[in-house]
Amino acid sequence: MIIKILGSGCKKCIALSENAKAAADAAGISAEIVKVTDFAQIAAYGVMSTPALVIDEKVVSAGKVLSVSEVAEQLAAI
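Predicted, not measured: the structure shown is a model, and the values here were computed from it.

*Asks:* Honestly, the pattern of salt bridges in this entry has me stumped. Any pointers?
*Replies:* For side chains bearing opposite charge, pairing can occur when the charged atoms are close. Scanning the model with the defined rule gives two salt bridges in all. Between E57 and K4 there is a salt bridge, with the nearest N and O atoms lying 2.7 Å from each other. Placement of E57 in the loop between β3 (52–55) and β4 (58–62) and of K4 in strand β1 (residues 2–6) is noted, with a sequence separation of 53 residues between them. Using a relative accessible area of 16% as the deciding quantity, one classes K4 as buried. Across the pair K21 and D25 runs a salt bridge whose closest N-O atoms are separated by 3.0 Å.

*Asks:* Where do I start with the environment of D56 in this structure?
*Replies:* Inspection of the secondary structure assignment puts D56 in the loop between β3 and β4. By relative accessible area, which is 39% here, D56 ends up partly exposed. Along the primary structure D56 and A24 are separated by 32 residues, whereas in three dimensions their C-alpha atoms are 13 Å apart. In contact with D56, not counting residues within four places along its chain, are M1, I2 and I78.

*Asks:* Is there a simple way to explain the sheet that holds β3 in this structure?
*Replies:* What holds strands together in a sheet is hydrogen bonding between their backbones, with the strands either parallel or antiparallel. Reading across from one edge, β2-β1-β3-β4 is the order of the four strands in this open sheet, with mixed pairing throughout. Whereas interior strands pair on both sides, the edge strands pair on one side only; in this sheet they are β2 (32–36) and β4. Each adjacent strand pair in this sheet contributes to an overall mean axis angle of 20 degrees, direction not counted. Pairing of β3 with β4 involves four bridges; the strand directions are antiparallel. Along β4, the bridge assignment pairs V54 with V59. Packed onto the sheet, helix α1 (residues 11–27) meets β1, β2 and β3 and runs at close to 165 degrees relative to β1.

About the cut-offs
Residues numbered from 1 in each chain as written. Predicted model: local features only at pLDDT ≥ 70, side-chain atom pairs only at ≥ 80, totals over all residues. Heavy atoms only, no water. Salt bridge = Lys/Arg side-chain N within 4 Å of Asp/Glu carboxyl O. Helix = DSSP H or I, 4+ residues; strand = E, 2+ residues; numbered from the N terminus. Buried < 20%, exposed > 50% of the residue type's maximum accessible area, 1.4 Å probe, protein only. Contact = heavy atoms within 4.5 Å. Pairing = 2+ DSSP bridges. Axes fitted to C-alpha atoms, helices over the stretch in contact; angles between N-to-C directions.

Interpretation note: all reported values are geometric properties and have no functional meaning in isolation.
Quick look at the structure:
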């Protein structure tokens, strides 16, 4: 599974990345966390506000930091 964090690398982006890693670890999911900071690549996903969470190329959240439990819900839905 590939989890992408879209954003500039700000504090919120880092928090979302940490929460995504914690949720994947807690669920026993082997996931690669990829940080995307290039705004052209971010725009290609149709994301206008960051941070955004992309799981297996599907945008599941944009513009807010999801908690560990919220990320876990998204992982379970995929």
